[in-house]
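# Architecture at a glance
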Amino acid sequence: MTIRNTFLQQCNRFRFFVRILVLLVLSVSLTGCARTQSTHKEIKIGVCAYDQYDTFLTQLIDCFDENVEDGVSVEYAYASQSQITQNEQVRKMIEKGVDVLCVNLVDRTAPNTIIDLGKKNDVPIIFFNRELVEEDITQWPKLYYVGADAFESGIMQGELAANMIRRESLNADKNGDGKIQYVVLEGEAGHQDSIVRTEYSVKTLVDEGIDVDKVGYAIANWNRAQAQTKMAQLIERNDEAIELVLANNDDMALGAVDAYNSAKISAVDRPIIIGIDGTDVGLEAVVNKTIAGTIYNDKEGQAKAMYDLSILLAREEPLNSLGMEDGRYIRLPYQKVDASNVLQFIHK
Ligand code: GAL
Ligand code: CA
């Protein structure tokens, strides 16, 4: 009996060990499964912008954020207009292991530290909105640019202005001298959009056969408050009415409106004011007729292109679906906006 009992006890122990073993094997294989499922590791994207107070860029970044899907995390950093700060932000993001970076340079002529960091750590970089020169972007195959064609925005602004001047004829030429007295409110000095928009809007007006007379210009760094101050000075300095304000962006066009409001100049005595961007406030101003028009800078399209490119780069998948120029550039078209079509652009 005792021998039989001992034998049975040993059998039970053996069964117990076998069960434990089966459980162990099962749990190991299950964890194995879980690990295989997570081989689609989370994609990390770093987005760095030159400043947090730029209306167009803030809206572009909001659009980018709307694209983000499950399995993708994005970290945003704003450089308060310091290239040194931005270089540090990029360095930290790379240390944290981002798969791809989207960079809106502070100084588009100083991308070298960031390019070197990307190269050394094999992190592709999508520059956006502030275009670097060709010699810089061709330094490494994994450098890209997403933005728009600055020439197009200048040409469209000139065309829109020419059409309005022809349509309003006598109202536009307030002093009846056959010329349009105009001022330009310029964005940051050295920015490709300021340089090209300023030159091509005026060149197009002249090509369209409008006789123009430049009565002033001011650099207002894309900023509404600065534009208001500068526009107030231009109004004061000119004895006769200014007939056209070409602003390099909507915020500065709105700064001009603010200056006319403060000067209490009535609507009939105000110039045709045209911006660029089609930001929410810009479009609203077109609806309210405080500005005559704007040129839509396709933030939705640019944000989607940056996002799609980031994902393909992070997964190391082919990029041909994106239809890039020279394998590096994605440029979204601008569109003319005035009172006749503005509603199509609101809540686009
Ligand atoms: C331009 C835009 C401006 C400003 C600037 C910043 O494309 O029209 O409003 O956002 O970029 O780089
Ligand atoms: Ca005139």
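Computed from a predicted structure; not experimentally measured. Residue positions are given per chain, counted from 1 along the sequence in the order it is written. Numbering of ligands from 1 and lettering of chains from A proceed in the order in which they are written. Local features are withheld for residues below a pLDDT of 70 in this predicted model, meaning they are given only at 70 or higher, and side-chain atom pairs are given and counted only at 80 or more; totals for whole chains, interfaces and linings count all residues. Excluding hydrogens and water, the side-chain values take into account all heavy atoms of the structure.

### A few points about the pattern of salt bridges
As a reminder, the rule being used: Any carboxyl oxygen of Asp or Glu that lies within 4 Å of a side-chain nitrogen of Lys or Arg is treated as forming a salt bridge with it. A helix here means a DSSP run of H or I that spans at least four residues, while a strand means a run of E at least two residues long, and both kinds are numbered starting from the N terminus.
This structure, assessed with the given rule, holds 15 salt bridges. In this structure, the salt-bridge partner of Lys336 is Glu159, at a minimum N-O distance of 2.7 Å. Placement of Lys336 in strand β12 (residues 335–338) and of Glu159 in helix α6 (residues 150–172) is noted, with a sequence separation of 177 residues between them. Linked through salt bridges whose partners overlap, the residues forming this network are Glu131, Glu325 and Arg331.

### Thoughts on the coordination of the calcium ion (ligand 2)
The following threshold applies: As a rule, N, O and S atoms within 2.8 Å of a metal are its donors, except that Na, K and Ca use 3.2 Å; water is not among the atoms, so sites may look incomplete. Relative accessible area decides the class of each residue, using a 1.4 Å probe on protein chains only: under 20% of the type maximum gives buried, over 50% gives exposed, and in between gives partly exposed.
Donor atoms from the polypeptide that bind the calcium ion (ligand 2) are Asp173 (OD), Asn175 (OD1), Asp177 (OD), Lys179 (O), Gln181 (OE1), Glu243 (OE) and Glu243 (OE), placed at 2.2 to 2.5 Å. For Lys179, a relative accessible area of 33% translates into the label partly exposed.

### Observations concerning a negative patch on the surface
Quick reminder of the rule: Patch construction takes residues with relative accessible area above 30% that form no salt bridge. Like charges are linked within 9 Å, and nonpolar side chains (Val, Leu, Ile, Met, Phe, Trp, Tyr) are linked within 5 Å. Residue burial considers only the protein chains on display, and all accessible areas are found by Shrake-Rupley using a 1.4 Å probe. Charged residues are defined narrowly, with Lys and Arg counted positive, Asp and Glu counted negative, and His plus the chain ends left uncounted. Working definition for charges: the position is that of NZ of Lys, CZ of Arg, CG of Asp or CD of Glu.
Taken together, the side chains of Asp177, Asp211, Asp239 and Glu240 define an acidic patch exposed on the protein surface. Looking at the element boundaries, Asp177 is found in the loop between α6 and β6 (180–186).

### Here's the deal with the site of ligand 1
Spelled out, the test is: Any residue with a heavy atom lying within 4 Å of a molecule or strand is counted as near it. For the purposes of these results, a polar contact is taken to be a pair of N or O atoms within 3.5 Å, where, inside protein, one atom must be able to donate a hydrogen and its partner to accept one; residues adjacent in sequence count only when each atom of the pair is a side-chain atom. Both site types are read off a 1 Å grid over the protein atoms alone. A 1.4 Å probe that fits but cannot get out defines a cavity, while an open set with protein on both sides within 12 Å along at least five of seven lines defines a pocket; lining residues have an atom within 4 Å of a point. Molecules are considered to sit inside a cavity or pocket once more than half of their atoms lie within 2 Å of its grid points. Under the scheme applied here, ten amino acids are nonpolar (Ala, Val, Leu, Ile, Met, Phe, Trp, Tyr, Cys and Pro), four are charged (Asp, Glu, Lys and Arg), and all others, including Gly, are polar. Domain limits in this description derive from either an automatic procedure or a database domain assignment.
By nearness alone, 13 residues border ligand 1, and Asp54, Asn129, His191, Asp193 and Asp277 come closest of all. Between Asp193 and ligand 1, the recorded distance is 2.7 Å, taken from a side-chain N or O atom to an oxygen atom. The fraction of the free accessible surface of ligand 1 (310 Å²) that becomes covered by protein chains is 99%. If you map ligand 1 onto the pockets, it falls in the largest cavity. Listing elements by their share of the shell around ligand 1, those giving two or more residues are α2 (55–67) and α7 (192–207). The residue inventory of the shell around ligand 1, partitioned by class, reads four nonpolar, four polar and five charged. When residues of the shell around ligand 1 are sorted by domain, at least three fall in each of domain 1 (43–148 + 298–332) and domain 2 (151–296).

### Focus on the packing of aromatic side chains
Rules: For Phe, Tyr and Trp, where Trp contributes only its six-membered ring, two rings pair if their centres lie within 6.5 Å, and the inter-plane angle classes them as stacked under 30 degrees, edge-to-face over 60, or tilted in between.
Inspection of every chain in the model, using the stated rule, returns five aromatic pairs. Summarising the aromatic geometry, the rings of Tyr145 and Tyr329 are spaced 6.4 Å apart at their centres and angled 65 degrees between planes, so their arrangement reads as edge-to-face. Taken together, the residues span a long stretch of sequence, with Tyr145 in strand β5 (residues 143–148) and Tyr329 in strand β11 (residues 329–332) at a distance of 184 residues. In this structure Tyr329 comes out as buried when scored by relative accessible area, which is 9%. Ring pairs connect the aromatic residues Phe64, Tyr76 and Tyr307, which therefore count as one cluster.

### Remarks on the layout of surface pockets
Where we set the bar: Grid points are joined across faces, edges and corners, and a volume is the space filled by probe spheres set on the points.
Taken as a whole, the largest pocket holds about 540 Å³ of empty space. Lining the largest pocket are 19 residues, with Glu168, Pro271, Ile272, Lys289 and Ala292 positioned closest to its centre. Sorting elements by how many residues they give to the lining of the largest pocket places α6 first, with four residues. Split into classes, the residues belonging to the lining of the largest pocket amount to ten nonpolar, three polar and six charged. The computed volume of the second largest pocket comes to approximately 290 Å³. Contributing to the lining of the second largest pocket are 15 residues, with Gln59, Asp280, Lys299, Glu300 and His347 lying nearest its centre. Sorting elements by how many residues they give to the lining of the second largest pocket places α2 first, with four residues.

### Quick notes on the sheet that holds β5
Put simply, the rule is: Note on pairing: DSSP must find at least two bridges between two strands before they are called paired. All axes here are fitted lines through C-alpha atoms, helices being fitted over the stretch that makes contact, and every angle between N-to-C directions spans 0 to 180 degrees.
If you walk across this open sheet you meet the six strands as β2-β1-β3-β4-β5-β11, and the pairing is parallel. Two strands bound the open sheet, and with one partner strand each, they are β2 (72–78) and β11. Sheet twist, expressed as the mean angle between neighbouring strand axes with direction ignored, is 15 degrees. Relative to strand β3 (residues 100–103), strand β1 (residues 43–49) runs parallel, the two sharing four bridges.

### Notes on the environment of Ala220
Stated precisely, the cut-off is as follows: The contact criterion used throughout is that any non-hydrogen atoms of two residues lie within 4.5 Å.
The topology assignment puts Ala220 in the loop between β7 (212–219) and α8 (224–237). Along the sequence, Ala220 and Asp251 sit 31 residues apart, while their C-alpha atoms lie 9.8 Å from each other. Setting aside its immediate chain neighbours within four residues, Ala220 contacts Glu186, Gln226, Ala227 and Met252.

### Considering the nonpolar core
Quick note on the threshold: As used here, the term nonpolar core means buried Ala, Val, Leu, Ile, Met, Phe, Trp, Tyr and Cys residues forming a set that is joined through side-chain atoms within 4.5 Å.
The biggest cluster of nonpolar side chains holds 61 residues, and the ones touching the most others in it are Ile45, Ile126, Leu185, Met231 and Leu309. Take this core: its biggest share by element is nine residues, from helix α11 (residues 299–314). When residues of this core are assigned to domains, at least three map to each of domain 1 (43–148 + 298–332) and domain 2 (151–296). With near-sequence residues (within four places) excluded, Ile126 lies in contact with Val100, Leu101, Cys102, Val103, Tyr144, Val146, Met306, Leu309, Ser310 and Leu313.

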